[in-house]
Amino acid sequence: MQRLHLVVLMALSGAVAGATCRALSLEGGGSKGAYQAGALVTLTTKLPGEDIQWNVVTGISTGALNSGGVSMFAMGQEVEMAQFLKSVWLSLNGSASVFENWNALGIPYAVIGEPSLYTTQPLRSTLTKLFTQGIHRNVTIGATNLNTGLFGNFNESVGSANIIEAIMCSAAPPFFFPPQNFMGSMWADGGCVINLDVFSAVERCLDVVDDESDIIVDVIYCSGANMAPVTNPSAMITSDVLGRVQNIKSYDHSMWYMYNAMLAYPNVNYRYMIVPSQPLAGSILPLDFDLANLQSELALGESDAANVLANGADPKLQIGQWYAQRNAHVRPYASSS
Amino acid sequence: MLHYLPLLLGLAQAQEPLCRALALEGGGSRGAYQAGALLGLTTLLPGEDIMWNVVTGISTGALNSGLVAQFPMGQEVAMAQYTAEKWRTINSSAAVYVNYPGCDEACAILTEGSMWTTAPLRETLTEFYVNGIHRNITVGSSNLDLGQFSDFNETVGNENLIEAVMCSAAPPLFFPSQDFEGYSWADGGCMCNLEVFKAVERCLDVVESESQVIVDMIFCQGQEMAPKNGANWTTYDVFTRSKDIHSYDNSMWYLYTAMQAYPDVNFRYIIIPSKPLAGTIVPFDFTSANILSEISEGQSDAETVISNGASPQIIAEEWHLRTYNKARPYSRSR
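K.L.:
Lay out the overall build of chain A with the relevant residues and their values.
P.N.:
Broken down by element type, chain A carries 12 helices and 10 strands. Computed over C-alpha atoms, the radius of gyration of chain A comes to 20 Å, within 12% of the 20 Å expected from 2.2 N^0.38 for 337 residues, which places it in the range of a compact globule. Based on the C-alpha atoms only, the size of chain A along its principal axes is roughly 65 × 50 × 40 Å. Put simply, chain A has 337 residues, and 55% of those count as buried. Taking the intrachain contacts of chain A between residues at least 6 apart in sequence as the baseline, contacts between residues at least 24 apart amount to 78%.

Right, here's the structure in full:
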């Protein structure tokens, strides 16, 4: 009986020989999600099959969208998965595939009469058309519950029919995209609270393996420290200011969450951390779904991932440097304990 | 000049065995709540207990920090009276922001950097900050050029204190970013809405060890928010609600992390709105009625905290467990 139980558990968890659990965590960032698809193409092309068998994927916002795509493929089908994601991004044909004005009155009406500048009905249609294979991998998606004020997660238990709604909840940046009514609550973008859910990535693996040291976490960002210079910041219009702030905040928060995850789970193997090495092209506001922009983001994701594989720094070292730099005026934890 | 000397000497030579810091969170018109809480603290606590060496603030907390800094250590009762009095002089949004000339909100978000201009706020601050800087102060802001959080302190001088506060109190979408010292700045709360770290660090310039540092904190936003049901959310409601959620979460993170970083600091009082504050969801309700109600909430919350409030450690731990209840507590993995 016990043995049978074990076999069932192993089958459920997808744990293969060696009892290692791999998790992939994808940050939020609007149209910069194309960068993640590029990074995944390289990872799955260059790494041996076993190294990329992610048991679970966690994502926020555009990272949730990509997580939905990842979860359509079972473990072992990572190469196909990455090619699929790339094709998804290349199939987007401008913002019309994602959002549009509520009506002919445009933004001036929407600000007053609607809960957001744009409606994301096109995004729902796009996802419904593309995500047809059902859920075949563990997935966790985060969103912000506007009623309770708490961060919440959805996972594969919502079922294939509802995974698109879960993604819509996670990918709903306030002001731009409308909040979503799902499971009795109103939800806004997960990135309002957490834009990179490293904690869930580790926790879900701890359901599969017993020991932190058997866990490998790979992380793909959308935001980076290097932002496109703004030649005349004081001339930025409102949405540019919001886009800029979103990037600054996202990078800072995501680095904080990585830092805190490393404190909380010191024995986890934080393997690859792929962060945009240079400012992504496109508008300041990361809602630039023009094909040329998506292609350039895909290409940067591919080359950044190749660089990380070839000579990337240890994520712990990178996070340590970030922390030291950010808090140059604050004494490091070590000296106070 | 001479009257600065005792203060400077007091700070530099660390004659006081303790250094007290006050950290004020950001939150728009809810800054009136902090004015009320300061009244409560300064009325009920003995003089020595409220001699804050330094005040740190973000956004509306920076505005209040500027008011606190107008008074030297020892004059906290007068400081709190002054702060509340100044908040009571605000009787409409016109004291803080107005539409751009000939351009309503919808026009402004498409052609300007924000919905409103805050030229009136600069005028108001000019009326508030008339005494000069007499206490250590740190206010935080987000540098839009460098993508980094930065601080300003008393070295900017009283004339520039107004600009520093304007930089800190510039929430994107609503208020325009500010040009100062060669950079463009947006609200400090974009990155860090409660500067606990700096409060501790500035005290560590005054005293030798963490155990000599006392930190008091006043929030603008609690976990519990005014209920908003149904589907009739406006863009501003959604934007603001998510900002409030982020603010509370972010401030608790910073508090929690500061407690990890400085385990021996005495985190003494934490005053958090015990119930949703009145006023609109968007915290730019500068009507007299709302401000008076927030002042009174702050005062009564402070009284409650002093008489039977939970310790900040317990509040931060409970928050951490609730929010990250799926994550194993740090201690288990060490």
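K.L.:
Break down the packing of helix α2 (residues 31–44) of chain B against helix α10 (residues 288–308) of chain B for me, citing the residues and quoting the values.
P.N.:
Residues and elements named next belong to chain B. Packing of α2 against α10 leaves a shortest axis separation of 6 Å and a crossing angle of 40°. When the axis of α2 is compared with that of α10, the two are oblique. When you trace α2 past α10, the crossing you get is right-handed. Within the contact between the two elements, α2 uses Ala32, Tyr33, Gln34, Ala35, Gly36, Ala37, Leu39, Gly40, Leu41 and Leu44 and α10 uses Ile291, Glu294, Ile295, Ser296, Glu297, Gly298, Gln299, Asp301, Ala302, Glu303 and Ile306. The class makeup of the residues in the contact of α2 with α10 is 11 nonpolar, 6 polar and 4 charged.

K.L.:
Got a sec to walk through the pairing of strand β9 (residues 215–220) of chain A? Specific residues and values, please.
P.N.:
Residue and element names in this part refer to chain A. Judged by how many residues are buried, β9 sits mostly within the fold: 6 of 6 residues are covered. Side chains of β9 alternate between two faces, with Ile215, Val217 and Val219 and Ile216, Asp218 and Ile220 buried alike. For strand β1 (residues 21–26) and β9, the ladder comprises 6 bridges, and the chain directions are parallel. The partner of arginine 22 across the bridge, within β9, is isoleucine 216. Taken together, the 5 bridges between β9 and strand β10 (residues 269–274) define a ladder with parallel strand orientation. Note on β10: the bridge partner recorded for valine 219 is methionine 273.

K.L.:
An account of the packing of helix α9 (residues 238–264) of chain A against helix α11 (residues 315–326) of chain A is requested, with residue identities and associated values reported.
P.N.:
Residue and element names in this part refer to chain A. For the pair α9 and α11, interaxial distance at closest approach is 10 Å and the crossing angle is 120°. Between α9 and α11, the interaxial angle falls into the category oblique. Crossing geometry of α9 relative to α11 is assigned as left-handed. Of the residues in α11, those touching α9 at Met255, Met258, Tyr259 and Met262 are Lys316, Ile319, Trp322 and Tyr323. The class makeup of the residues in the contact of α9 with α11 is 7 nonpolar, no polar and 1 charged.

K.L.:
So, helix α4 (residues 76–89) of chain B: which residues are in play, and what are the values?
P.N.:
All names here are of chain B. Compared with the 20 Å implied by 1.5 Å per residue over 14 residues, the 20 Å span of α4 between its first and last C-alpha is a close match. Among the residues of α4, those classed as buried are Glu76, Met79, Ala80, Tyr82, Thr83, Ala84, Lys86 and Trp87. Along its buried surface, α4 packs onto α2, α3 (60–68), α6 (119–128) and α10.

K.L.:
Describe the interface of chain A and chain B, listing the residues and the values that go with them.
P.N.:
With 49 residues of chain A at the contact, the number on the chain B side is 47 residues. The set of elements that each furnish at least two residues to the side of chain A that touches chain B consists of α5 (106–113), β8 (185–189), α8 (198–206), α9 and α12 (333–336) of chain A. Broken down by element, the side of chain A that touches chain B gets its largest block of residues, 10 residues, from α9 of chain A. Its residues assigned to classes, the side of chain A that touches chain B shows 33 nonpolar, 10 polar and 6 charged.

K.L.:
Account for the confidence of the model for chain B, naming residues and giving values.
P.N.:
Residue and element names in this part refer to chain B. Per-chain confidence: chain B averages 88 in pLDDT, with 90% of residues scoring 70 or above. Counted against residues more than four places away or in other chains, residues 326–334, with its pLDDT under 50, gives 12 contacts. Per the prediction output, this complex has pTM 0.87; the corresponding ipTM is 0.83.

K.L.:
Account for the nonpolar core, naming residues and giving values.
P.N.:
Ranked by internal contacts, the top residues of the largest apolar core, which has 210 residues, are Val202 of chain A together with Ala21, Val196, Val200 and Val215 of chain B. In terms of residues, this core owes the most to one element, helix α9 (residues 235–261) of chain B, which gives 12 residues.

K.L.:
Can you lay out the environment of isoleucine 220 of chain A for me, pointing to particular residues and giving the numbers?
P.N.:
Residue and element names in this part refer to chain A. Inspection of the secondary structure assignment puts isoleucine 220 in strand β9. Residue isoleucine 220 is classed as buried on the basis of its C-beta count, with 29 C-beta atoms lying within 10 Å. Distance in space between the C-alpha atoms of isoleucine 220 and glycine 301 is 9.2 Å, their sequence separation being 81 residues.

K.L.:
Could you give an account of unusual backbone geometry, with specific residues and numbers?
P.N.:
Of note in the backbone geometry, methionine 183 of chain A takes a positive phi value of approximately 55° without being a glycine. On the neighbour-count criterion, methionine 183 of chain A (14 C-beta atoms within 10 Å) is partly exposed. The backbone phi angle of serine 59 of chain B is positive, close to 55°, even though this residue is not glycine. For serine 59 of chain B, the location among the structural elements is in the loop between β2 (52–58) and α3. Of the residues examined, serine 59 of chain B has 32 C-beta atoms within 10 Å and is grouped as buried.

K.L.:
I'd like a rundown of the pairing of strand β8 (residues 183–187) of chain B, residues and numbers included.
P.N.:
Residues and elements named next belong to chain B. Of all 5 residues that make up β8, 4 are buried, and the element is covered over most of its length. As paired strands, strand β7 (residues 178–180) and β8 are joined by 3 bridges and run antiparallel to one another. Residue pairing across strands places glutamine 178 opposite tryptophan 185, the latter belonging to β8.

So, how was this worked out
- Residues numbered from 1 in each chain as written.
- Chains lettered and ligands numbered in written order.
- Predicted model: local features only at pLDDT ≥ 70, side-chain atom pairs only at ≥ 80, totals over all residues.
- Helix = DSSP H or I, 4+ residues; strand = E, 2+ residues; numbered from the N terminus.
- Rg over C-alpha atoms; globule rule 2.2 N^0.38 Å.
- Buried ≥ 20, exposed ≤ 12 C-beta atoms within 10 Å, placed from the backbone.
- Contact = placed C-beta atoms within 7 Å.
- Axes fitted to C-alpha atoms, helices over the stretch in contact; angles between N-to-C directions.
- Parallel < 35°, antiparallel > 145°, perpendicular 65-115°, else oblique.
- Left-handed = near helix turned anticlockwise from the far one by under 90°.
- Nonpolar A, V, L, I, M, F, W, Y, C, P; charged D, E, K, R; others polar.
- Pairing = 2+ DSSP bridges.
- Expected span 1.5 Å × (residues − 1).
- pLDDT = per-residue confidence, 0-100.
- Core = buried A, V, L, I, M, F, W, Y, C linked by C-beta atoms within 7 Å.

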